[in-house]
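Each chain, written out:
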Amino acid sequence: MHLIELELRGFRNYRQEVFRFDQGVNLIVGSNAQGKTNLLESIGFLGSGKSFRTQKNGEMVRFDEDFGEITGQIYSQGREQNIRWLLFPGRPRQLWRNGVKKKSAADLTGLLPSVLFCPEDLMILKSGASARRRLGDTVLCALRPNYEAALTEYNRILEQKSRILKDSHEDIRLLSILPDYNERLCQVGALLISYRARFYQSLGAEAARFHGQFSGGTEEFHLEYKTVSTVEDPFAPTEVLRERLRAHLESHARAELQSGQCLTGPHKDDFTITLSGVDLKAFGSQGQTRTAAISLKLAQRELMKREFGEEPVLLLDDVLSELDEKRQDFVLNQIKSGQVFITCCEPGRFTKLGKTMEISNGQLVEG
Ligand code: ATP
Ligand code: MG
């Protein structure tokens, strides 16, 4: 699959621009704040209806415009197809696929999936659990629309429960509806754990393969999914998981009431990585951390490729220039197939990789 042509109107700092891309590597160069990341954002959004920068669609509309438009001509599932998005500040967005209006982005699943790799991802194994959860959730949502629906539902119930816990300090009667919310949380939470257990198992196996290649087999990479402590086996049937979640909730019920916060459930999940048995977060060197992060990203791409039968589009935002030559080569060797978009300020040794495009102030520089 690949993006053939992209048209942006009123998107971020682009007034109107048309891009034609190479099926392989596209190098997007330009000084700071010219629109390189904006371009990657639009490509990611085109295939998923999600921005890696914002939850608010209106933010992507150019400041002086009433609406924004992203239109892409793509090759996917054996034929040319067209995706068109209209974005409005403070109004629902609109989507067309091959000229037919669609209700939801779920209709695009597998059509133009993408994997973003940016400098913050290099630190993901040293940062807080929420960044790692986000990484896992992003991939799982792209792979499994049913997971995304369950996650949305879980977060909705969680938010309502949080409000009840907080407001119950003023109005004790609210606590009578808490058990219903807890029950729903256990039910949907069990589903999330079930999906995640399988997903992290595959992700860990793929990442271990990449890490092994890079380290020449000297380090044994192992990823472990961490969920609620009462869940001994995350692969257990969902009825069992539900039971285990209920047990944990019950033992923390008093603490939740006292703190007014939701303390237990898979919204606290995380994963850890060990290299030959040593915990990376606590003891990993900068180089080991980076290599492991790269391996995770490549694994993510591999899982998507396996699921959709085609290589997802890879978006490398400023990440290559952050790496030493050895790691650059490791990444470049792995991206010889599929369509890749690389942004950088100084193309340097990358210019011979593929088609180079220069962006200046939201416009393509002809030449
Ligand atoms: P860097 O090399 O620093 O990462 P970049 O080329 O990736 O730069 P972008 O992040 O793509 O830069 O573009 C940033 C520019 O886009 C900023 O100047 C910002 O003000 C502008 N911008 C962002 N959102 C909008 C918007 N909705 N309307 C108009 N301009 C916007
Ligand atoms: Mg940028």
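Residues numbered from 1 in each chain as written. Chains lettered and ligands numbered in written order. Predicted model: local features only at pLDDT ≥ 70, side-chain atom pairs only at ≥ 80, totals over all residues. Heavy atoms only, no water.

1. Thoughts on the side chain of Thr-37
Assignment of secondary structure puts Thr-37 in helix α1 (residues 36-48). Beyond its immediate sequence surroundings of up to four residues, Thr-37 is in contact with Phe-52, Arg-53 and Asp-317. (Helix = DSSP H or I, 4+ residues; strand = E, 2+ residues; numbered from the N terminus. Contact = heavy atoms within 4.5 Å.)

2. Points about the state of the cysteines
Evaluation of the coordinates by the stated rule reveals 0 disulfides. Free of any disulfide, Cys-262 has its nearest neighbouring cysteine sulfur in Cys-186, separated by 12 Å. Classification of Cys-262 as buried rests on a relative accessible area of 9%. (Disulfide = S-S within 2.5 Å. Buried < 20%, exposed > 50% of the residue type's maximum accessible area, 1.4 Å probe, protein only.)

3. Some remarks on the domain arrangement of the protein
Taken domain by domain, the protein consists of domain 1 (1-113 + 313-367) and domain 2 (116-311). In this complex, domain 1 contributes 26 residues to the contact, which on the side of domain 2 involves 24 residues. Taken together, both faces of the contact between domain 1 and domain 2 bury some 2300 Å²; the carbon and sulfur share is 66%. Seen at the junction of domain 1 and domain 2, the total is 2 salt bridges. Close ionic contact of Lys-50 with Glu-148 constitutes a salt bridge, the shortest N to O distance being 2.8 Å. Viewed at the interface, domain 2 and domain 1 are joined by 12 residue pairs in polar contact (both at pLDDT 80 or more). At the level of secondary structure, the elements contributing two or more residues to the side of domain 1 that touches domain 2 comprise β12 (313-317) and α8 (325-334). Residues that form the side of domain 1 that touches domain 2 fall into these classes: 13 nonpolar, 7 polar and 6 charged. (Domains from an automatic or database assignment. Buried area = accessible area lost by both parts, 1.4 Å probe. Salt bridge = Lys/Arg side-chain N within 4 Å of Asp/Glu carboxyl O. Polar contact = N/O pair within 3.5 Å; in protein donor to acceptor, adjacent residues only side chain to side chain. Nonpolar A, V, L, I, M, F, W, Y, C, P; charged D, E, K, R; others polar.)

4. Points about the pairing of strand β6 (residues 91-97)
Of the pairings in the sheet, the one linking strand β5 (residues 79-88) to β6 comprises 5 bridges and is antiparallel in character. Paired with Leu-86 across the bridge in β6 is Gln-94. Connecting β5 to the next strand, β6, in antiparallel fashion are 2 residues, including Gly-90 with a positive phi near 70°. Here 3 bridges tie β6 to strand β7 (residues 100-102), and the two strands are oriented antiparallel to one another. Paired with Trp-96 across the strands is Lys-101, a residue of β7. (Pairing = 2+ DSSP bridges.)

5. Here's the deal with the site of ligand 1
Every one of the 17 residues lining ligand 1 counts as a neighbour, but Ala-33, Lys-36, Thr-37, Asn-38 and Arg-53 are closest to it. Between ligand 1 and Thr-37 there is a distance of 2.7 Å, counted from an oxygen atom to a side-chain nitrogen or oxygen. At a separation of 2.8 Å, an oxygen atom of ligand 1 approaches a polar backbone atom of Asn-38. When ligand 1 is considered free in solution it has 660 Å² of accessible area, and contact with the protein chains removes 75% of it. (Near = heavy atom within 4 Å. Areas by Shrake-Rupley, 256 points an atom, 1.4 Å probe, with all protein chains shown as cover.)

6. Here we look at the packing of helix α4 (residues 178-215) against helix α5 (residues 238-259)
At a minimum axis separation of 9 Å, α4 and α5 run at an interaxial angle of 135°. In terms of orientation, α4 and α5 fall into the oblique class. When you trace α4 past α5, the crossing you get is right-handed. Packed against α4, whose contacting residues are Leu-178, Asn-182, Glu-183, Cys-186, Gln-187, Gly-189, Ala-190, Leu-191, Ile-193 and Ser-194, the element α5 presents Thr-238, Leu-241, Arg-242, Leu-245, Arg-246, Leu-249 and Leu-257 at the interface. Of the residues assigned to the contact of α4 with α5, the class counts are 9 nonpolar, 5 polar and 3 charged. (Axes fitted to C-alpha atoms, helices over the stretch in contact; angles between N-to-C directions. Parallel < 35°, antiparallel > 145°, perpendicular 65-115°, else oblique. Left-handed = near helix turned anticlockwise from the far one by under 90°.)

7. Comments concerning the sheet that holds strand β11 (residues 278-279)
As summarised here, the arrangement of the 3 strands in space is β9-β10-β11, forming an open sheet in which the pairing is antiparallel. On the outer flanks of this sheet lie β9 (221-226) and β11, each paired with one strand and no other. Two strands pair when backbone bridges link them, and strand β10 (residues 270-275) and β11 are joined in this way by 2 bridges, in the antiparallel orientation. What sits directly across from Leu-275, in β11, is Val-278.

8. Here's the deal with the packing of aromatic side chains
All chains considered together, the criterion is met by 10 aromatic pairs. Seen in terms of ring centroids, Phe-21 and Phe-341 are 4.9 Å apart; in terms of plane orientation they differ by 90°. Their pairing is edge-to-face. Note that Phe-21 is positioned in the loop between β2 (14-20) and β3 (25-29) and Phe-341 in strand β13 (residues 340-344), a separation of 320 residues in sequence. Phe-341 matches Phe-21 in its accessibility class, with the two residues each being buried. Measuring from centroid to centroid gives 5.3 Å for Tyr-200 and Phe-271, while their planes differ by 40°, and the two rings are tilted. Taken together, the positions of Tyr-200 in helix α4 and Phe-271 in strand β10 put the pair 71 residues apart, joining distant regions of the chain. In textbook terms, an aromatic cluster arises when at least three aromatic residues are bridged by ring pairs, as seen for Tyr-14, Phe-19, Phe-21 and Phe-341. Of note, Arg-84 hangs over the ring of Trp-96, and the distance from its end group to the ring centre comes to 4.6 Å. (Phe/Tyr/Trp six-rings, centres within 6.5 Å; stacked < 30°, edge-to-face > 60°. Lys NZ or Arg CZ within 6 Å of the ring centre and 35° of its normal.)

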